[in-house]
Amino acid sequence: MAGIAALTAAGAVEVRIVAVDIPSGLCADSGRVLGREGRPAPEGRGVIPADLTVTFHSLKPGHLLADGPRLCGAVEVVPIGLPAADSPLALLEAPDPALLAKAGFGHKYSHGHALVLGGGRGRGGAARLAARGALRMGAGLVTLGVPPAALPENAARLDAVMLRVLADADALTAMLGDGRLNALCAGPGLGLGEREKALLAAVLEAGRPALLDADAITLLAGDEGLRARLHAGVVLTPHEGEFARLCPGIASRWRAPAIAGPAFSKLDAARQAAAELGCIVLLKGPDTVIADPGGRAAIHAAVRDRAVPWLATAGAGDVLAGMIAGLLARGLPPFEAASGAVWLHAEAARRFGPGLIAEDLPEALPGVFRALGL
Ligand SMILES: NC(=O)C1=CN([C@@H]2O[C@H](COP(=O)(O)OP(=O)(O)OC[C@H]3O[C@@H](n4cnc5c(N)ncnc54)[C@H](O)[C@@H]3O)[C@@H](O)[C@H]2O)[C@@H](O)CC1
Ligand SMILES: Nc1ncnc2c1ncn2[C@@H]1O[C@H](COP(=O)(O)OP(=O)(O)O)[C@@H](O)[C@H]1O
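Residues numbered from 1 in each chain as written. Chains lettered and ligands numbered in written order. Predicted model: local features only at pLDDT ≥ 70, side-chain atom pairs only at ≥ 80, totals over all residues.

Q: Quick question: what am I supposed to make of the UniProt feature "binding site: AMP" (unreviewed entry) in the protein chain here?
A: In the UniProt entry, the feature "binding site: AMP" (unreviewed entry) is given for Lys284, Gly285, Pro286, Asp287, Thr288 and Gly317. Spanning 34 residues, the named residues nonetheless gather at one spot, since no C-alpha pair among them exceeds 13.7 Å. With residues up to four places along the chain from it excluded, the contact list for Thr288 reads Leu282, Leu283, His300 and Val342. For Gly317, the position within the fold is in helix H14 (residues 316-329). Other than its neighbours up to four places away in sequence, Gly317 contacts Asp213, Thr237, His239 and Lys284. (UniProt positions renumbered as here; feature names shortened; annotations may be inferred. Contact = placed C-beta atoms within 7 Å. Helix = DSSP H or I, 4+ residues; strand = E, 2+ residues; numbered from the N terminus.)

Q: Can you help me understand unusual backbone geometry in this one?
A: With the exception of glycine, most residues fall at negative phi, and the peptide bonds are largely trans. Here the bond from Gly261 into Pro262 is cis, since omega is -10°, no more than 30 degrees from zero. Here Pro262 shows up in the loop between helix H12 (248-255) and helix H13 (266-277). Its identity as a non-glycine residue notwithstanding, Asp21 has a phi of 75°, on the positive side. Mapped onto the secondary structure, Asp21 falls in the loop between strand S1 (18-20) and strand S2 (52-56). Backbone geometry at Ala66 places phi at a positive 50°, although glycine is not the residue there. In this structure, Ala66 sits in the loop between helix H2 (61-64) and helix H3 (68-72).

Written as structure tokens, this is what we have:
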């Protein structure tokens, strides 16, 4: 193998490399490069990248996660006559259009009312992006609740999204007396002060389906009491940095060098976090993993023909948060809301293409829905 690598590097021969099952040295469970003899592989070495990987029966996590997509090249799955396994792991595909369509006889309240908590003066962009995402997903109504000082600037920027002043947690609890507010979204641009911590406690106390992202995750990370109130209707959407704050022990296992297989994977990290926290954990990135407390999990790999590098843009995660909240408002169970939104989010980015910024994502959704036949 070293000889092939040397010849290829020297440009002496044109070599095409085909891996059978998975490139040697790549962990099939995690997509991580394995070390040898008790030592991690040197940075950037340890596996010869394949042009094509031919695998059998079904994809493995290692084809999709971490370094797997880059090192496997094109992947061909060859059936060998085995029955489809009843696997607790799913590869995300397009959501069922029947789940997304609106029945002809409904009115706006039949499609749910999402409440997005906004941040203070001058910090409203993220929550507005989330609110727009929720509305485009078909929530019947979306209200943005903001502190009094942030009302004028939000009023100047919103039309279809409704606006309410929410001075403090008591005001939020009073507002939640309206049972039609059936999904909550907190975190994007929320802030990290005492007011925001109390708001988050009120959100969790309400026991309603809730999407918690960004600052809400950072607040949870610093407060054991808040974490203890998480429930099965909550979806958490950390990026890697937020995950390391929220679950430092799990994150350090995941970040530790992979010495031998099976290495601790992003899938293991999300599953363990979901089990410990008692809610859905959606761990973001080009490879996104969604896990529930019972061990059910799904992978969405934005690779190869579904690569969407332009999603690496400020605010893309805020839109995803709102999209999930929109599906929660429409009554989808948390795991289905999270999985459906992840696929639609990437598909919206794919349709828009290069130049994408966060504002474009909600606006690309109608085209995605039309293509799904809605
Ligand atoms: N248009 C807007 O108004 C926007 C507002 N935003 C808000 O800004 C606040 C801070 O958000 P940040 O996401 O910067 O959070 P943080 O500042 O809490 O976390 C970012 C830190 O985590 C580290 N990190 C490690 N892995 C990462 C990964 N995979 N992706 C991203 N960061 C990673 C980064 O290096 C960085 O130091 C939140 O309230 C957020 O909602 C951002 O979402 C960006 C857009
Ligand atoms: N290279 C990439 N390929 C595909 N998706 C990506 C990539 N980078 C980021 N994303 C997606 O974009 C979103 C970024 O969210 P996040 O990190 O929370 O950013 P922000 O807080 O700025 O919104 C997530 O949904 C993530 O999965």
